[in-house]
Amino acid sequence: MNQPLHIEEVFEKEGVFVSTTAGVSMYPMLRHRRDTIVIRPVTGRLKKYDIPLYKRGKDYVLHRIVKVGPDSYVICGDNCLKREYGITDEQIIGVLSEVIRGERRIDLEGWPYRLYCRGSAFFKEAVRMKSAGLHLRKQCRY
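Presented here is a report on the structure given in the accompanying data block. Everything numeric in this text was worked out from a predicted model, so none of it was measured. (Residues numbered from 1 in each chain as written. Predicted model: local features only at pLDDT ≥ 70, side-chain atom pairs only at ≥ 80, totals over all residues. Heavy atoms only, no water.)

Section: the environment of R40
At step 1: One can find R40 in strand β2 (residues 36-40).
At step 2: Among the residues examined, R40 registers a relative accessible area of 37% and is labelled partly exposed.
At step 3: Taking the C-alpha atoms as reference, R40 lies 7.8 Å from F11; in sequence the two are 29 residues apart.
At step 4: Looking at R40, its side chain comes within polar contact range of the side chain of S97, at 3.4 Å. (Helix = DSSP H or I, 4+ residues; strand = E, 2+ residues; numbered from the N terminus. Buried < 20%, exposed > 50% of the residue type's maximum accessible area, 1.4 Å probe, protein only. Polar contact = N/O pair within 3.5 Å; in protein donor to acceptor, adjacent residues only side chain to side chain.)

Here it is, written out as structure tokens:
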């Protein structure tokens, strides 16, 4: 019986990894087990709004870069409020290069995608600020 290959082994053998996603952390950008993703090896330093595939323990995670630091990244799923700090280039396996939804390819370089990234980031920051304010008000009752 054949053992399934790990993503790193597929990269080494094929130079690309194609699959669907599992989970809702990147919804609505990526839909659970419905959208096809294409991951390619990283060439150089990643930039804000890139979506790297990295390993967290034994789990593979595909989340968006929200801030680029000198030697690490701050990363967060589109459907998450909690950010992950200190993700390094060494942890990153590849980067999302294509999304295929049905018969349609989502252009990750086009202006609709860039607008989605910025709008999503703005909305999420507003929600984070509001929930932080609510938390402070609960602590500061007179």
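Read on for the rest.
With respect to the environment of T20
At step 1: When you line up the elements, T20 lands in strand β1 (residues 17-20).
At step 2: Here T20 falls in the partly exposed class, since its relative accessible area comes to 34%.
At step 3: In sequence terms T20 and I37 are 17 residues apart; their C-alpha atoms lie 5.8 Å from each other.
At step 4: Residues within four places of T20 in sequence aside, it is in contact with R33 and D35. (Contact = heavy atoms within 4.5 Å.)

Here we look at the nonpolar core
A general tendency of soluble globular proteins is for nonpolar side chains to be buried together.
At step 1: By size, the foremost hydrophobic cluster in this structure holds 20 residues, and its most contacted members are M29, L30, I39, L62, L96, V99 and L108.
At step 2: For this core, the elements supplying multiple residues, two or more each, are α1 (7-14), β2, β8 (92-101) and α2 (111-139).
At step 3: Look past the residues within four positions of L62 in its chain and what remains in contact with it is T21, M26, L30, I37, I39, I51, P52, L53 and L96.
At step 4: With nine residues, the next largest nonpolar core counts I65, I75, I92 and V95 among its residues. (Core = buried A, V, L, I, M, F, W, Y, C linked by side-chain atoms within 4.5 Å.)

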